[in-house]
Every structure is written in C-alpha cells, then in structure tokens.
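Chain by chain, the residues run as shown.
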Amino acid sequence: YSTPSMLHVQRGRVRYEHMLHTKIVSELLDYHSALLVQTGWTPIDMKYRQIRQWSNDTNIPEVELTELLALDVAARYARNEIEYGPADWIMNNLFLAMAEDPLSEWSDLFLDVFNAFDSGEYKRDEDGDVEPSEKYTRPEIARILSMKR
C-alpha cells in the first residue's frame, strides 16, 4: 500500500496535508479493484505499520482512525455504493492489521462493524437461498449507523 497523503512545501517547510479517512477508503477500494484485475484475487495482507502511517499522516489516533474508516465503509455499503465483497475485504484487512500489534486498541464501534461484515461471510443451513450478507450484515450495519445519528 502506498501512503495516500499529499506532500506540500510551504515556506520552505515540508508538511503533510491532512488526509480524510474517506480518501483512504477510496484508495483501498481502488487497490481492491486493481488486485482483482491484475491477479484475480485479493489477499488479506495489510500490515499494522500502514495504519500507523495513516494515523501519523492524518494526526488522528489509530483507534479513532480505524473507527472512522469502519464507519465510512459501513455507510458506503448501506448506501449501496460498494458491494459486500470489497467492504468485507477492507474490514478484514483493517482487523488483521490491528491484530498484528498486541498493543493496538480497538473501539467497540470498529468491532461491531467488523463483526457485522464477518457475519455475512458464510451460509448457514437455515439461510436457504438468502445471501448471508443481506440477511445478517445489511440489517446489522443499518442498526449500527442508526445509533450513530
């Protein structure tokens, strides 16, 4: 992953422009699409150092940043702007990257969004012809987002 911040020179000093969490999600979605085109699959391989870098670039603490990223993914999914697969891929990458550092902190909201996407990953016997993401993930995301309003 490349660091998606923009470098600017101002009065002889180098500074990083604050990057919105939505730009990070957009770049992750672009990366997901590029991986599918180039390789036909999308590995879960984000490293914790990437989250730390985004946190440094945005001056947003990691726990708050991952929560903002999760909320943005959830909102885009709820608005049908992104499909389940890419949304789940982003959440899995964020979760596993955070899990890489035993000292990383998790917000309850981040974990709620992660678990909502996780619940749609597999079919249960009682699901019949219903897509698990529609049966489990979509209503849970709607509930989470309704609590944030």
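Presented here is an overview of the structure given in this document. (Residues numbered from 1 in each chain as written. Predicted model: local features only at pLDDT ≥ 70, side-chain atom pairs only at ≥ 80, totals over all residues. Heavy atoms only, no water.)

A short note on the environment of tyrosine 31
Structurally, tyrosine 31 can be placed in helix α1 (residues 21–39). Put simply, tyrosine 31 and proline 86 are 55 residues apart on the chain and 10.0 Å apart in space, counted from C-alpha to C-alpha. (Helix = DSSP H or I, 4+ residues; strand = E, 2+ residues; numbered from the N terminus.)

Side note on the packing of aromatic side chains
The description of an aromatic ring pair uses the distance of the two centres, along with the angle that the planes make with each other. All chains considered together, the criterion is met by seven aromatic pairs. Judged by centre distance (6.3 Å) and plane angle (70°), the rings of tyrosine 77 and tyrosine 84 are edge-to-face. You'll find tyrosine 77 and tyrosine 84 in the same group, each marked buried. Here the aromatic rings of tryptophan 106 and phenylalanine 110 are separated by 5.7 Å at their centres, their planes lie at 40°, and the arrangement is tilted. Take phenylalanine 110: its relative accessible area is 1%, and that puts it in the buried class. Linked through ring pairs, Phe95, Trp106, Phe110 and Phe114 together constitute an aromatic cluster. Sitting over the ring of tyrosine 136, arginine 124 keeps its end group 3.7 Å from the ring centre. (Phe/Tyr/Trp six-rings, centres within 6.5 Å; stacked < 30°, edge-to-face > 60°. Buried < 20%, exposed > 50% of the residue type's maximum accessible area, 1.4 Å probe, protein only. Lys NZ or Arg CZ within 6 Å of the ring centre and 35° of its normal.)

Points about the packing of helix α4 (residues 84–99) against helix α5 (residues 108–118)
With their axes 9 Å apart at the nearest point, α4 and α5 run at an angle of 135° to one another. Taken together, the axes of α4 and α5 are oblique relative to one another. Crossing angle aside, the handedness with which α4 passes α5 is left-handed. When α4 is examined against α5, the residues Tyr84, Ala87, Asp88, Met91, Asn92, Leu94 and Phe95 are found in contact with a partner set consisting of Phe110, Leu111, Val113, Phe114, Phe117 and Asp118. Residues that form the contact of α4 with α5 fall into these classes: ten nonpolar, one polar and two charged. (Axes fitted to C-alpha atoms, helices over the stretch in contact; angles between N-to-C directions. Parallel < 35°, antiparallel > 145°, perpendicular 65-115°, else oblique. Left-handed = near helix turned anticlockwise from the far one by under 90°. Contact = heavy atoms within 4.5 Å. Nonpolar A, V, L, I, M, F, W, Y, C, P; charged D, E, K, R; others polar.)

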